[in-house]
Amino acid sequence: MLDGRAAHRRIVGAMTVARREREALVETFRAVGPDAPTLCEGWTSRDLAAHLVVRERRIDAAPGITFAPLAGYTARVQSQVTEKTSYDELVGQIAAGPP
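Residues numbered from 1 in each chain as written. Predicted model: local features only at pLDDT ≥ 70, side-chain atom pairs only at ≥ 80, totals over all residues. Heavy atoms only, no water.

The next point concerns the packing of aromatic side chains. Within the structure shown, the criterion is met by one aromatic pair. When the centroid spacing of 6.3 Å and the interplanar angle of 80° are considered together, the rings of Phe 29 and Tyr 87 count as edge-to-face. Of the two residues, Phe 29 is situated in helix H1 (residues 4-32) and Tyr 87 in helix H4 (residues 87-96); the sequence distance between them amounts to 58 residues. Here Phe 29 matches Tyr 87 in class, with each residue buried. (Phe/Tyr/Trp six-rings, centres within 6.5 Å; stacked < 30°, edge-to-face > 60°. Helix = DSSP H or I, 4+ residues; strand = E, 2+ residues; numbered from the N terminus. Buried < 20%, exposed > 50% of the residue type's maximum accessible area, 1.4 Å probe, protein only.)

Below, the discussion takes up the nonpolar core. Across soluble globular proteins, nonpolar side chains have a tendency to be buried as a group. By size, the foremost hydrophobic cluster in this structure holds 14 residues, and its most contacted members are Phe 29, Ala 49, Val 81, Leu 90 and Ile 94. Those elements that provide at least two residues to this core are H1, helix H2 (45-57), helix H3 (71-84) and H4. For this core, the element with the highest residue contribution is H2, accounting for five residues. Once residues within four sequence positions are removed from consideration, Leu 90 is found in contact with Arg 46, Ala 49, Ala 50, Val 53, Val 81 and Thr 85. (Core = buried A, V, L, I, M, F, W, Y, C linked by side-chain atoms within 4.5 Å. Contact = heavy atoms within 4.5 Å.)

This is the structure:
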């Protein structure tokens, strides 16, 4: 069992890794621009950025990512976010992290 200080160091270490991964993702988004293809067939980097923003910032739509009966609503919200939010704003929201 970890003592309090060891547990704190472990949590802080994990947060640092997550922060670095987020920063690398944002750097990649900025480098490739909104129209780059992704490994998600048919999705551009803009689509992927919108997906991440919906997952982190639209609690009403996030369940449809994994719960099929709500997938249609999630898809509509993601389409709206993709169309109405500039790529720079999407990337900025990802850089800021979850609210």
